[in-house]
Structure formats: structure tokens, C-alpha cells
Amino acid sequence: MKKHLFIACLLATLTTTAQDTTQVVRAFPITDYMVDLNDSIKLVQLQLPDGISIPEKKLGVLKGMYRDKRSDTITIGVGRCQLIKGDYYYFAINYKKSGTQPRAGDLIYMMMSFGGENTNKEKTPVYQGLVVRLAAHFIGLQDVYEKRLYDRYTVFYNWTREDEEALLDSLVADIRFTADYFLKNEPSMNVPIKSGPREGKMLFNTMLTCTRQDVIDFLEYMIARPILYAGHEWKGSEVFATWLSEGGPTVVTLRYDAGSLVAAL
């Protein structure tokens, strides 16, 4: 009963923006190493960098990573960490209920302390803004030259407000640079935006006047709808262009005495 309650609470936490200052639900991708323990349990492997550790018997939920259809993102199963060998962690995942086999890149979600567990970094204050919430779903962003804008592991113990402000400015500059390039070199790709408040406006011209608030709206949407983005690393300007061309849907936060409810329009 306690196990089922934990799973329900964990999955519910994945869809809320409420934040604890010391705990966060984090996703980690499994490798391609897998062993059948029986016809419904598979041993899967995580490899974690220095500074992050997971105790034995830690409970996690394995969710599929989006590849080409939404059904990829099913909750595959649940299991505990059964073995630790150096920086490798092995979880026995029961996938009988879903009937879906794990694949490399699928994500194990766990409740974690910042910086991991059993480390001396977990209590270091970090800025719990947009980037930390993206990284919690193992979502990465790159610039147009495929340079990583942040490390999806280390942001949980060394990310500052100044880092976030700089990242937002970098994304604005990158989006404008990309739009300018395509306007000059591939003008035929400059299509009208399909819907939303910018409907009918030309995509690259709109990107050329991108503001920090536009980027914030976009990142908040990714966080509110992580199912398509989790586990992947994206060129920020490209995925922003896709979001914008589809109408640039935004997130509305409705605040109540008991907390806040976030819904994407």
C-alpha cells in the first residue's frame, strides 16, 4: 500500500510546479544494458557522474522517452535500486502491467535531494528557476552551434540566478541570430504562424523580435508539457520556432489559498 501511495504521489509531483527547497523529482536516462530477470522484470542500468549517488532500495518510476508517438511516453513500470557498482546503478523494473519493454534513453524518475543523495553538495542553495525544472525532466538546451547551455546534472548544486539571467539572454540572442540567418539564406522557409495571438505573422520576422518574456513563456510551456521534450537535448532556436509556428501556447497559473494550479492553454 505504501509503495502504491509513493508512486501516486511521485507521478502527481511530475505535473505540478510546486517546489520544495530541498527535494525535487528528477529523471535519469537508462543505458542500453538490460537483463531479463523473469518474464515481467528487467534489470536496467543508470550511469551517474561524480557527485550524485543513489542509495540501495531507492524506488523509481520508469517512463518512456518520446521518440515518434505519444504512446512512447507510457509509464513502463516501477522498481528499486538493487545493485550499485561504482557509478552504475541497477534497478529491477516490473513492466508486467504496461507490457512495454524498456529502451535505452527511457527515464527513471525519483525523489531526490538537490545534488543527489549521500553527498556533501545536496544542501547547497541553488536557484530553483526554469532551468532546474527543465533539467528535472532531463531536458537539455543547446545553442545553434550545438553548444550546451547548461549541464543537466550539475545545475542541481551550482545554478544561480545570474546563470539563469545569462541563459535567457543567450537564448534571445540565439533565436534572433537564427531568424536573421534564415531570412537571408532560406527565405522560403519563412511561413505564417498557424494560430494563437500571432496568427498570420511570419515566423522568422517574429523570431527576429523575440523578447526575454517570449523565451520565458516558451520554457514554461516545456515544463508544463514535458512529455514531448523529456530526455532530449534540443537546439533552443529550433524548438522555439516549432512552438511559435504552432501558435506559441502559454501557461496560465491560477492561484488559490491551497496552492497553485497550472494549466496549458
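In this convention, every chain numbers its residues from 1, walking through the sequence in written order. Reporting in this predicted model follows two pLDDT cut-offs: at least 70 for local features of residues, and 80 or more for side-chain atom pairs to be given and counted; totals over whole chains, interfaces and linings ignore these cut-offs and use all residues. Note: side-chain values were computed over all heavy atoms of the structure, leaving out hydrogens and water.

(A) Region of interest: the overall build of the protein chain. The secondary structure content of the protein chain amounts to seven helices and 11 strands. Here the protein chain holds 265 residues, and the buried ones make up 45% of them. Only heavy atoms enter the contact rule, under which two residues are in contact if any of them lie within 4.5 Å. A sequence separation of at least 24 residues applies to 67% of the contacts in the protein chain between residues at least 6 apart. Accessible surface computed for the protein chain: about 13,700 Å², of which carbon and sulfur atoms make up 53%. Helix numbering and strand numbering both begin at the N terminus, where a helix is a DSSP run of H or I of at least 4 residues and a strand a DSSP run of E of at least 2. For each residue, the accessible area found with a 1.4 Å probe, counting protein chains only, is set against the maximum for its type, and the residue is called buried under 20%, exposed over 50%, and partly exposed in between. Only the protein chains shown count as cover for residues, with accessible areas throughout obtained via the Shrake-Rupley method and a probe of 1.4 Å.

(B) Highlighting the packing of helix α4 (residues 161-185) against helix α7 (residues 236-245). Relative to each other, α4 and α7 sit at 75 degrees, their axes nearing to 9 Å. Regarding the angle of α4 to α7, the classification is roughly perpendicular. Counting all contacts with α4, which are made through Leu171, Asp174, Ile175 and Thr178, the residues of α7 involved are Gly236, Ser237 and Phe240. Residues are grouped as follows: Ala, Val, Leu, Ile, Met, Phe, Trp, Tyr, Cys and Pro are nonpolar; Asp, Glu, Lys and Arg are charged; every other residue, Gly included, is polar. Considered class by class, the residues forming the contact of α4 with α7 number three nonpolar, three polar and one charged. Lines fitted to C-alpha atoms define the axes here, with helix axes fitted over just the stretch in contact, and angles between the N-to-C directions of these axes take values from 0 to 180 degrees. Reported orientations rely on four angle classes, namely roughly parallel under 35 degrees, roughly antiparallel over 145, roughly perpendicular from 65 to 115, and oblique for the rest.

(C) Layout of the environment of Val215. Tracing the backbone shows Val215 in helix α6 (residues 212-224). Other than its neighbours up to four places away in sequence, Val215 contacts Leu168, Leu171, Val172, Ile175, Cys210 and Phe240.

(D) Region of the structure containing the packing of α4 against α6. At their nearest, the axes of α4 and α6 sit 9 Å apart, and the two run at 105 degrees to each other. On the basis of their axis angle, the class for α4 and α6 is roughly perpendicular. Between α4 and α6, the contacting residues are Glu165, Leu168, Asp169, Leu171, Val172 and Ile175 on the first element and Arg212, Val215, Ile216 and Leu219 on the second. Each residue belonging to the contact of α4 with α6 can be placed in one class, and the counts come to seven nonpolar, no polar and three charged.

(E) Summary view of the packing of aromatic side chains. We call Phe, Tyr and Trp rings a pair once their centres come within 6.5 Å, taking the six-membered ring for Trp, and we label the pair stacked below 30 degrees between planes, edge-to-face above 60, and tilted otherwise. Within this structure, the stated rule accounts for 11 aromatic pairs. Summarising the aromatic geometry, the rings of Phe28 and Tyr153 are spaced 6.4 Å apart at their centres and angled 20 degrees between planes, so their arrangement reads as stacked. In this pair, Phe28 is assigned in strand β1 (residues 23-29) and Tyr153 in the loop between β8 (140-142) and α3 (155-158), connecting sequence segments 125 residues apart. The two residues Phe28 and Tyr153 agree in class, both being buried. Where Tyr181 meets Phe182, the ring centres are 5.3 Å apart and the plane angle is 90 degrees; that geometry is what we call edge-to-face. According to the relative accessible area criterion, Tyr181 is partly exposed, its value standing at 44%. A network of ring pairs unites the aromatic residues Phe28, Phe138 and Tyr153 as a single cluster. Ring-over charges, as used throughout, are those where CZ of Arg or NZ of Lys falls within 6 Å of the ring centre and within 35 degrees of the ring normal. The ring of Phe138 is capped by Arg152, whose NZ or CZ atom sits 3.9 Å from the centre of that ring.

(F) Expanded view of the confidence of the model for the protein chain. How sure the predictor is of each residue is captured by pLDDT, a score from 0 to 100. Summarising the model, the protein chain shows a mean pLDDT of 87, and 83% of its residues fall at 70 or more. Note that residues 12-20 has pLDDT below 50 and, in this model, 13 contacts with residues that lie over four places away or in other chains. With pLDDT under 50 throughout, residues 254-265 is counted as low confidence; its partners more than four residues away or in other chains account for 22 contacts.

(G) Structural context of unusual backbone geometry. In this structure, Lys57 takes a positive phi of about 75 degrees despite not being glycine. Of note, Lys57 is situated in the loop between β3 (41-47) and β4 (59-63).

(H) Expanded view of the pattern of salt bridges. Any Lys or Arg side-chain nitrogen located within 4 Å of an Asp or Glu carboxyl oxygen qualifies as a salt bridge. Going through the model one piece at a time under the given rule, you end up with 14 salt bridges. With a shortest N-O distance of 3.4 Å, Asp72 and Arg103 are connected by a salt bridge. Separated by 31 residues along the polypeptide, Asp72 in the loop between β4 and β5 (75-85) and Arg103 in the loop between β6 (88-94) and β7 (107-113) bring together distant segments of the chain. Residue classification places Asp72 among the buried residues on the basis of a relative accessible area of 7%. Given a relative accessible area of 39%, Arg103 falls into the partly exposed group.

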